[in-house]
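Inside the fold
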Amino acid sequence: MKRIARISLLLMLLAPALFAQNNDERQKTLPEIASDKADELMKYLKLEDYQVFQVDSTLQHDLLALQKELDTMQKAGVSNSDFYTAVYDRWYNTTDSTFQCIFTPDQWTRYLKSNYGKSKRQRDKRIAAWKAKTEGTKAP
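Parameters at a glance
- Residues numbered from 1 in each chain as written.
- Predicted model: local features only at pLDDT ≥ 70, side-chain atom pairs only at ≥ 80, totals over all residues.
- Heavy atoms only, no water.
- Helix = DSSP H or I, 4+ residues; strand = E, 2+ residues; numbered from the N terminus.
- Areas by Shrake-Rupley, 256 points an atom, 1.4 Å probe, with all protein chains shown as cover.
- Salt bridge = Lys/Arg side-chain N within 4 Å of Asp/Glu carboxyl O.
- Buried < 20%, exposed > 50% of the residue type's maximum accessible area, 1.4 Å probe, protein only.
- Expected span 1.5 Å × (residues − 1).
- Arc of directions from axis to C-beta.
- Contact = heavy atoms within 4.5 Å.
- Phe/Tyr/Trp six-rings, centres within 6.5 Å; stacked < 30°, edge-to-face > 60°.
- Axes fitted to C-alpha atoms, helices over the stretch in contact; angles between N-to-C directions.
- Parallel < 35°, antiparallel > 145°, perpendicular 65-115°, else oblique.
- Left-handed = near helix turned anticlockwise from the far one by under 90°.
- Nonpolar A, V, L, I, M, F, W, Y, C, P; charged D, E, K, R; others polar.

1. Considering the overall build of the chain
Counting secondary structure elements, the chain contains six helices and zero strands. Surface exposure of the chain reaches about 9600 Å², of which carbon and sulfur atoms provide 56%.

Quick look at the structure:
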């Protein structure tokens, strides 16, 4: 059951980035995806121009690094979905850590109250469980 949930989670995370919504649309590039997400955050959090630039730069770097790592894993023949989830969690956690430095405390609080915050909390739980599993300790 957990395996099905994790595979579903991966597909949910990958689908928007990898497939166009419509057959007539071309597939968006990683910089376009990063720019769209930065614009969305700008509107939601009322970011300043310099913050939008930093968010966009962070997303472009992290998404590209994530994609490279996933490609490397795929070429190596990794088939265990737990490893892919761990890579996603690590890169999205890195992105959130950078966002916390970029955002003001009020913006960060608002970010955590959004769906992004919900994803972060779920990710934090998975990271704690992964560490507990690999270190042989009990998860919190």
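Having put the structure on the table, let's press on.
2. A short note on the pattern of salt bridges
Scanning the model with the defined rule gives six salt bridges in all. Measuring nitrogen to oxygen at the nearest pair gives 2.4 Å for the salt bridge that ties Arg90 to Glu69. Residue Arg90 is found in helix H4 (residues 81-102), and its partner Glu69 is found in helix H3 (residues 49-76); the two are separated by 21 residues along the sequence. Residue Arg90 is classed as partly exposed on the basis of its relative accessible area, which comes to 41%. The partner of Arg123 in a salt bridge is Asp96, and the shortest N-O contact between them spans 2.1 Å. Residue Arg123 is located in helix H6 (residues 115-135), and its partner Asp96 is located in helix H4; the two are separated by 27 residues in the primary sequence. As far as the burial class goes, Arg123 and Asp96 line up, both buried.

3. Notes on helix H2 (residues 30-45)
Taking 1.5 Å per residue, 16 residues should reach 22 Å; H2 reaches 22 Å between its end C-alpha atoms and fits that length. Those residues of H2 that sit buried are Ala34, Ala38, Leu41 and Leu45. The arc that holds every buried residue of H2, seen down its axis, measures 65°, which confines them to one face. Where H2 ends, the next residue or the one after it, Lys46, has phi of about 55°, a positive value.

4. So, the environment of Trp130
Here Trp130 shows up in helix H6. A C-alpha to C-alpha distance of 8.7 Å links Trp130 and Asp82, two positions 48 residues apart in sequence. Ignoring any residue separated from it by four or fewer positions in sequence, one finds Trp130 in contact with Asp82, Phe83 and Ala86.

5. Quick notes on the packing of aromatic side chains
Within this structure, the stated rule accounts for eight aromatic pairs. Here the aromatic rings of Phe103 and Trp108 are separated by 6.4 Å at their centres, their planes lie at 40°, and the arrangement is tilted. For the pair shown, Phe103 and Trp108 are each scored as buried. On the basis of an interplanar angle of 0° and a centroid distance of 5.3 Å, the ring pair of Tyr111 and Tyr116 is categorised as stacked. When its relative accessible area of 3% is taken as the criterion, Tyr111 is described as buried. Residue class for Tyr116 comes out buried when judged on its relative accessible area of 19%.

6. Quick look at the packing of H3 against H4
One way to put it is that H3 packs onto H4 with a least axis distance of 10 Å and a crossing angle of 165°. Here H3 lies roughly antiparallel to H4, going by the angle between them. By crossing handedness, the relation of H3 to H4 is classed as right-handed. Here the residues of the contact of H3 with H4 sort into 15 nonpolar, eight polar and three charged.

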